[in-house]
Amino acid sequence: MTSSATLSPTIAPPALDELCINTLRFLAVDMVQKANSGHPGLPMGSASMAYTLWDRSLKFNPHDPDWPDRDRFVLSAGHGCALLYALLHVTGFDLPMEELKRFRQWGSRTPGHPEYGKTPGVEATTGPLGQGFTNGVGMAIAEVALATRFNRPGHRIVDHYTYVLVSDGDLEEGISSEAGSDAGHQHLGKLIVLYADNHITIEGSTELTFTEDRLERFDALGWHVQRVERSNDVGMVALALEKAREETRRPSLIAVRTHIGFGSPHKQDTAAAHGEALGVEEVRLTKEGMGWPVEPSFHVPEEALEHFRKAVARGASAQSDWESRFKAFALEFPDLAAEFHRVIDRRLPTNWDADLPAFSAADGLMATRVASGKTIAVLGSRLPEMMGGSADLNPSTHTNREGAGEFEPDNWGGHNMHFGIREHAMGAILNGMALHRGLIPYGGTFLVFSDYMRPPMRLAAMNALPVIYIFTHDSIGMGEDGPTHQPVEQLIGLRSIPGMVVLRPADANETVAAWRVAIGRKQGPVALVLTRQGLPVLDMNSYPAIPDGVPMGGYILAESPTTGTPDIVLIATGSEVHLALDARDRLLKEGIHARVVSMPSTNLFASQSDDYREKTLPADVPLLVIEAGSPVGWQSFVGPKVAVIGIDTFGSSAPGAVVMEHYGFTVENVCRQAHHVLDQLKEKASCA
Ligand SMILES: Cc1ncc(C[n+]2csc(CCOP(=O)(O)OP(=O)(O)O)c2C)c(N)n1
């Protein structure tokens, strides 16, 4: 079998390697052709380097894809997933041929982009370019953090590499510079990135858009860089991988000159190898040109399969070797071994929340960000798997844990992370850490900058990753920095992400309860939305409902002063809850009986029973929402008949209290609006 000499100046690899590589290529070609949808180009060009990695280096066990000390492999260029599915199938993962034949079809385990949790062996959901690369950085961080925590002299129980396959798009995306900078700075020597340097993106040649010297760029970021000119040269790729592993202080980038659509007479090295099947005729020509049988499709030569399937025995042996080493470790360090399993399984220790702080009115005004910091301090002492920080805002977000040490180059035992001013990368690194398992990752920034990390937050929610976000400076109440820093539409934006739990606590005690929810929720991300400004503490003696109420998302904080049905329910979140309580007192003097419902989480409230929601917000009682954010969405959270005091512009620069007043967040205005709601109802009733 030979490569078409006219197409590419490649050195023919030994016959079995080539047979295996072509098996991968044509499985991918046939998958895309049968689905009549997908990207054949990248798999055809990158099959050789992916094969080399999987055949010569990658430590994995197809029969136990979750073995904790496996190497991680992330296909960041998720559009090329046909290649990954082919690899998983031939090496013996639970992905039968029927699934390859159902590529991109309803209910298959071979979706259009790799989806974590759907396909055994898929380590991360990828497709949005740049995310997988950065997940890899997070995974490599998790590896060094856990190795530092658990390994002991003579016992290396955490010792694996993170490999990522990236395309031009991954490296064009800005996040790759953020994450690349962080990885270089952190000396993540066990992160190895293979770059499919094929000079083509969707619109054509990379000459159109991407002309910097990529290797020099990564060199400048502190990476070890190599170039392999011929991707089909298995020996050279293997050698580069070996050199990358020998380099322990710098992450590695190996730019491999690949050819998109390799072997296709009319599509190789063109953008036409993207985004659609080659076409029946082109598939035939390609197969014929490379000496591959045109029929049957999905052909896997026995010899190739036999070779690929050696991965099963190899993986089993690697894992059993690790297991015996782990046994020896457990004999010497039984507590540490139990702890390792606990964190990998995401189990919480008993009494993890036993002595969380309880605040009282005597604590005076306290911003919820401050209460959060105090809670993190206690949680962290109970949960050494907590690791996080902020995008250069620790003093503002209160995300630093005193005494917990800094996670810094060559001092990977610290728990406090410094992501730098790189929110986007922070989000995707947190995802990588969660995907790796063994850590509870958290990251903070101002709420308004959560927009910079929307893509990874979306993926965290899609993949039910337990990542915690700490978003402070949560409204116009943050004051002087003005509209650029005053979030308005971010709350509704976060709430609209399916699976994201957003909690905006009203005071220090609700903040503690919110943290309890966040840590207890092992599936899916949680955003804690916290104030910059001080707020009165809701004393638990007066408001005993807080600990049980917060997990419900919304609860009766202060019942209407008279028994029976209230005249109106004031629903408030975060800093506006105090306003609602004050308004309730004043309304009473004006003859109106108001109930105050604190609603830290609309998402959690929506998941309660109809009965609970009806008891909290009776259908026949008018509702008035007070929230210093966009009014959009409340109708779908609490019902169509709701009035909202919100903000539908961008805020203003002035002291926070002044801004709040100007935008109508005053007791007077709340009472006025309550009267207005009730007057309108009366009017309607009299007209009826
Ligand atoms: C963030 C993001 N933007 C846009 C896309 C759509 N898209 C899919 S592949 C691709 C570019 C493909 O070029 P390259 O990354 O070089 O991959 P290759 O040509 O090697 O297949 C684009 C723009 C995407 N998947 N993610």
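K.L.:
Explain the packing of helix α21 (residues 576-589) against helix α26 (residues 667-687) to me, and be specific about the residues and the numbers.
P.N.:
For the pair α21 and α26, the least separation of the axes is 9 Å and the interaxial angle reads 60°. Judged on the interaxial angle alone, α26 and α21 are oblique. When you trace α21 past α26, the crossing you get is right-handed. From α21, Leu579, Asp582, Ala583, Arg586 and Leu587 reach across to α26, where they touch Val667, Glu668, Val670, Cys671, Ala674 and His675. Of the residues in the contact of α21 with α26, the class split is seven nonpolar, one polar and three charged.

K.L.:
Tell me about unusual backbone geometry, and name the residues and values.
P.N.:
In the segment running from Glu295 into Pro296, the intervening peptide bond is cis, with an omega of -5°. Here Pro296 is to be found in the loop between α10 (280-289) and α11 (302-308). Despite not being glycine, His199 has its phi angle at roughly 65°, a positive value. Examined against the element boundaries, His199 turns out to sit in the loop between β3 (191-196) and β4 (200-201). Using a relative accessible area of 32% as the deciding quantity, one classes His199 as partly exposed. Although it is not a glycine, His398 sits at a positive phi angle of roughly 55°.

K.L.:
Please give an account of helix α12 (residues 310-332) that cites residues and values.
P.N.:
An ideal rise of 1.5 Å per residue puts 33 Å on 23 residues; α12 measures up with 34 Å between its terminal C-alpha atoms. Among all positions of α12, only Ala311, Val312, Gly315, Gln319, Trp322, Phe326 and Phe329 are buried. Elements that come into contact with the buried residues of α12 comprise α3 (81-91), α5 (131-150), α11 and α13 (334-344).

K.L.:
Go over the pattern of salt bridges with me, naming the residues and quoting the values.
P.N.:
The tally for this structure, following the rule as stated, stands at 38 salt bridges. Residue Asp159 pairs with Arg156 through a salt bridge whose shortest N-O separation is 3.3 Å. The partner of Glu576 in a salt bridge is Arg504, and the shortest N-O contact between them spans 2.7 Å. Highlighted residues: Glu576 in helix α21 and Arg504 in the loop between β12 (501-503) and α19 (508-520), separated in sequence by 72 residues.

Here is what the cut-offs are and how they apply
- Residues numbered from 1 in each chain as written.
- Predicted model: local features only at pLDDT ≥ 70, side-chain atom pairs only at ≥ 80, totals over all residues.
- Heavy atoms only, no water.
- Axes fitted to C-alpha atoms, helices over the stretch in contact; angles between N-to-C directions.
- Helix = DSSP H or I, 4+ residues; strand = E, 2+ residues; numbered from the N terminus.
- Parallel < 35°, antiparallel > 145°, perpendicular 65-115°, else oblique.
- Left-handed = near helix turned anticlockwise from the far one by under 90°.
- Contact = heavy atoms within 4.5 Å.
- Nonpolar A, V, L, I, M, F, W, Y, C, P; charged D, E, K, R; others polar.
- Buried < 20%, exposed > 50% of the residue type's maximum accessible area, 1.4 Å probe, protein only.
- Expected span 1.5 Å × (residues − 1).
- Salt bridge = Lys/Arg side-chain N within 4 Å of Asp/Glu carboxyl O.

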